Structures are given as C-alpha cells and as structure tokens.
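Letter by letter, the chains look like this.
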Amino acid sequence: MFFQNWSGIVRTVVVGSLAYASLVLFLRISGKRTLAKLNAFDLVVTVALGSTLSAIILQESIALAEGAIALALLILLQFLVTFMSVRSGRFASALRSEPALLARDGQFCSSAMKQERVTQDEALSAVRASGGNDIDEVAILILESDGTMSVVMRSK
C-alpha cells in the first residue's frame with residue numbers, strides 16, 4: 001500500500017524524531033564505548049540499537065516511552081557488561097575472542113585459518129589492502145577480536 005493516512009505519517013515524523021533524539025541523548029550520556037566495535041558483543045548491541053530504533057519509528061504498537069526504555073535498557077546493559085569486562089578478566093574472556101595468528105614469516109597458518117574459517121583469498125585481500133602484493137611479504141597476519149585483519153609487513 002502506498003498511503004494509509006496522514007496520522008501515520010505525522011506519528012512517524014514525531015515519534016521518529018523524538019526516538020532519534022532520545023537515542024542520541026542516551027549515547028552522549030553513556031560515552032564513546034557504547035558504539036565501539038571492539039568485539040562481536042559490541043556489534044550485536046549496535047545492531048540491536050538500530051533495530052530497536054526502527055521498530056519504535058515504524059510500529060504503531062510500540063509507544064515512544066516503551067521504545068525509549070528499550071533503548072536505555074540496551075545501553076545500560078552494554079555499560080554493565082563493559083564495566084564488568086574492565087574489572088574481571090574472566091568475565092572479559094568469556095565475552096570476547098582472542099586474536100588469531102593467520103600467517104607468519106610469509107607462510108599461512110593453515111590450521112588457524114581453518115579454525116577461524118578464513119580463506120587464503122580473504123587473507124590476501126587484507127595483505128593487498130595494507131599495501132602488499134603477496135603472502136611472502138608478510139611478517140604476521142592477525143585476525144583481531146573484532147574480525148578485522150592486521151598485517152605487519154616484513155622489512156625490506
């Protein structure tokens with residue numbers, strides 16, 4: 001359907017603007033760490049915030065107050081998890097994965113690549129993005145906790 005009524009459009013504009021303003025306010029209060037993509041858990045929270053915001057805007061069955069509470073709850077839970085992660089090594093290691101060595105001294109570490117489900121083509125793409133041409137030029141290639149690949153090139 002292309003158009004239902006003006007009240008739906010007005011609701012979308014008003015509630016959308018207020019929900020967006022609420023999210024920005026909550027994010028400013030909670031700090032930069034809330035949207036940092038340092039690990040998979042952070043990514044999940046970021047996606048959940050976006051999904052919640054879109055639900056608030058588009059679903060008439062969700063009141064603005066309920067949606068704002070949902071956003072605040074996600075941010076509070078993220079804050080508590082990161083608070084605990086900084087203070088407890090056990091808690092932190094339960095949530096985040098460790099970096100994995102994918103290549104060393106110009107050689108792929110095949111078992112690590114299989115375990116992490118990374119292909120040689122994906123690894124070589126990261127090498128090229130770092131200015132290299134081939135795995136022979138790599139000192140180390142690491143799959144970081146956040147899913148990015150860090151490449152340290154050999155000295156020439």
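To be clear, the structure that these remarks concern was listed above.
Residues numbered from 1 in each chain as written. Predicted model: local features only at pLDDT ≥ 70, side-chain atom pairs only at ≥ 80, totals over all residues. Heavy atoms only, no water.

1. Focus on the overall build of the chain
Note the threshold: Each helix corresponds to a stretch of at least 4 residues labelled H or I by DSSP, and each strand to a stretch of at least 2 residues labelled E; elements are numbered beginning at the N terminus. In this setup the radius of gyration rests on C-alpha atoms only. A globule is expected at 2.2 Å times the number of residues raised to 0.38. The buried label goes to any residue with under 20% of its type's maximum accessible area, the exposed label to any with over 50%, and the partly exposed label to all in between, with areas taken from a 1.4 Å probe on protein chains only. The contact definition used throughout considers only heavy atoms, calling two residues in contact when any of these lie within 4.5 Å. Only the protein chains shown count as cover for residues, and the accessible areas themselves come from Shrake-Rupley with a 1.4 Å probe. Residues scored as charged are limited to Lys and Arg (positive) and Asp and Glu (negative), so that His and the chain ends carry no count. Charge coordinates come from a single atom per side chain, which is NZ of Lys, CZ of Arg, CG of Asp or CD of Glu.
Per the secondary structure count, the chain includes six helices and four strands. Counting helices and strands in the order they occur from the N terminus, the chain gives α-α-α-α-β-β-α-α-β-β. Computed over C-alpha atoms, the radius of gyration of the chain comes to 22 Å, more than 25% over the 15 Å expected from 2.2 N^0.38 for 156 residues, which places it beyond the range of a compact globule. Taking the principal axes of its C-alpha atoms as reference, the chain extends roughly 65 × 45 × 25 Å. Out of the 156 residues in the chain, the part that is buried amounts to 31%. Of all intrachain contacts in the chain linking residues separated by at least 6 positions in sequence, the fraction that spans at least 24 positions is 51%. Accessible surface, the chain: about 10400 Å² in total, of which carbon and sulfur atoms supply 61%. Of the charged side chains in the chain, 14 are positive and 13 negative; the average position of the first set lies 7 Å away from that of the second.

2. Topic: unusual backbone geometry
Residue Asp105 is not a glycine yet carries a positive backbone phi of 50 degrees. One can find Asp105 in the loop between strand E1 (100-104) and strand E2 (107-108). Judged by its relative accessible area of 48%, Asp105 falls in the partly exposed class. Although it is not a glycine, Arg117 sits at a positive phi angle of roughly 60 degrees.

3. Focus on the environment of Thr12
Applied cut-off: Here a polar contact is taken to be a pair of N or O atoms separated by no more than 3.5 Å, where protein atoms must pair a possible hydrogen donor with a possible acceptor and residues adjacent in sequence count only if both atoms sit in side chains.
Its place among the elements puts Thr12 in helix H1 (residues 6-30). In sequence terms Thr12 and Ile57 are 45 residues apart; their C-alpha atoms lie 5.7 Å from each other. For Thr12, the contacting residues outside a window of four places in its chain are Ser17 and Ile57. A polar contact is formed between the side chain of Thr12 and the backbone oxygen of Gly8, at a distance of 2.8 Å.

4. Here we look at the sheet that holds strand E3 (residues 138-143)
The criterion, for reference: Here the rule is simple: two strands pair whenever DSSP picks up at least two bridges between them. A fitted line through C-alpha atoms serves as each axis, taken over the contacting stretch for helices, and the angle formed by two N-to-C directions is quoted from 0 to 180°.
Taken together, four strands build an open sheet; the order of strands is E2-E1-E3-E4 and the sheet is antiparallel. The open sheet is flanked by E2 and strand E4 (149-153), the only strands paired with a single partner. Helix-sheet contacts for helix H6 (residues 120-129) involve E2, E3 and E4, and the interaxial angle to E4 is about 60 degrees.

5. Topic: the packing of helix H2 (residues 40-58) against helix H3 (residues 64-87)
Helix packing geometry: the angle between the two helix axes and the distance between the axes. Where we set the bar: Angle categories are assigned with fixed cut-offs, so that under 35 degrees is roughly parallel, over 145 is roughly antiparallel, 65 to 115 is roughly perpendicular, and the rest are oblique. When residues are grouped by polarity, Ala, Val, Leu, Ile, Met, Phe, Trp, Tyr, Cys and Pro land in nonpolar, Asp, Glu, Lys and Arg in charged, and all others, Gly among them, in polar.
Relative orientation of the contacting elements H2 and H3 amounts to 175 degrees, with a least axis distance of 9 Å. Classed by the angle they form, the pair H2 and H3 counts as roughly antiparallel. Counting all contacts with H2, which are made through Phe41, Asp42, Val45, Ala48, Leu49, Thr52, Leu53 and Ile56, the residues of H3 involved are Leu64, Gly67, Ala68, Ala70, Leu71, Leu74, Ile75, Gln78 and Val81. Of the residues assigned to the contact of H2 with H3, the class counts are 13 nonpolar, three polar and one charged.

6. Observations regarding the packing of aromatic side chains
Each aromatic ring pair is described using two quantities: the centre-to-centre distance and the angle formed by the ring planes. Short version of the rule: Each Phe, Tyr or Trp ring (for Trp, its six-membered ring) is paired with any other whose centre lies within 6.5 Å, and the angle between the two planes then decides the class: stacked below 30 degrees, edge-to-face above 60, tilted in between. Look at NZ for Lys and CZ for Arg. If either is within 6 Å of the ring centre and within 35 degrees of the ring normal, a charge sits over the ring.
Scanning the entire structure with this criterion turns up two aromatic pairs. For the pair Phe3 and Trp6, a centre-to-centre distance of 5.2 Å together with 65 degrees between the ring planes defines the contact as edge-to-face. The ring of Phe83 carries Arg87 above its face, with NZ or CZ at 3.6 Å from the centroid.

7. Looking at the side chain of Arg11
Spelled out, the test is: Salt bridges are identified by distance alone: a Lys or Arg side-chain nitrogen within 4 Å of an Asp or Glu carboxyl oxygen.
Relative to the assigned elements, Arg11 resides in helix H1. Here Arg11 sits buried without a salt bridge, and the closest side chain of opposite charge, Glu60, lies 5.3 Å off (N-O distance). The residues contacting Arg11, other than those within four sequence positions of it, are Gly16, Ile56, Ile57, Gln59, Glu60 and Ile62.

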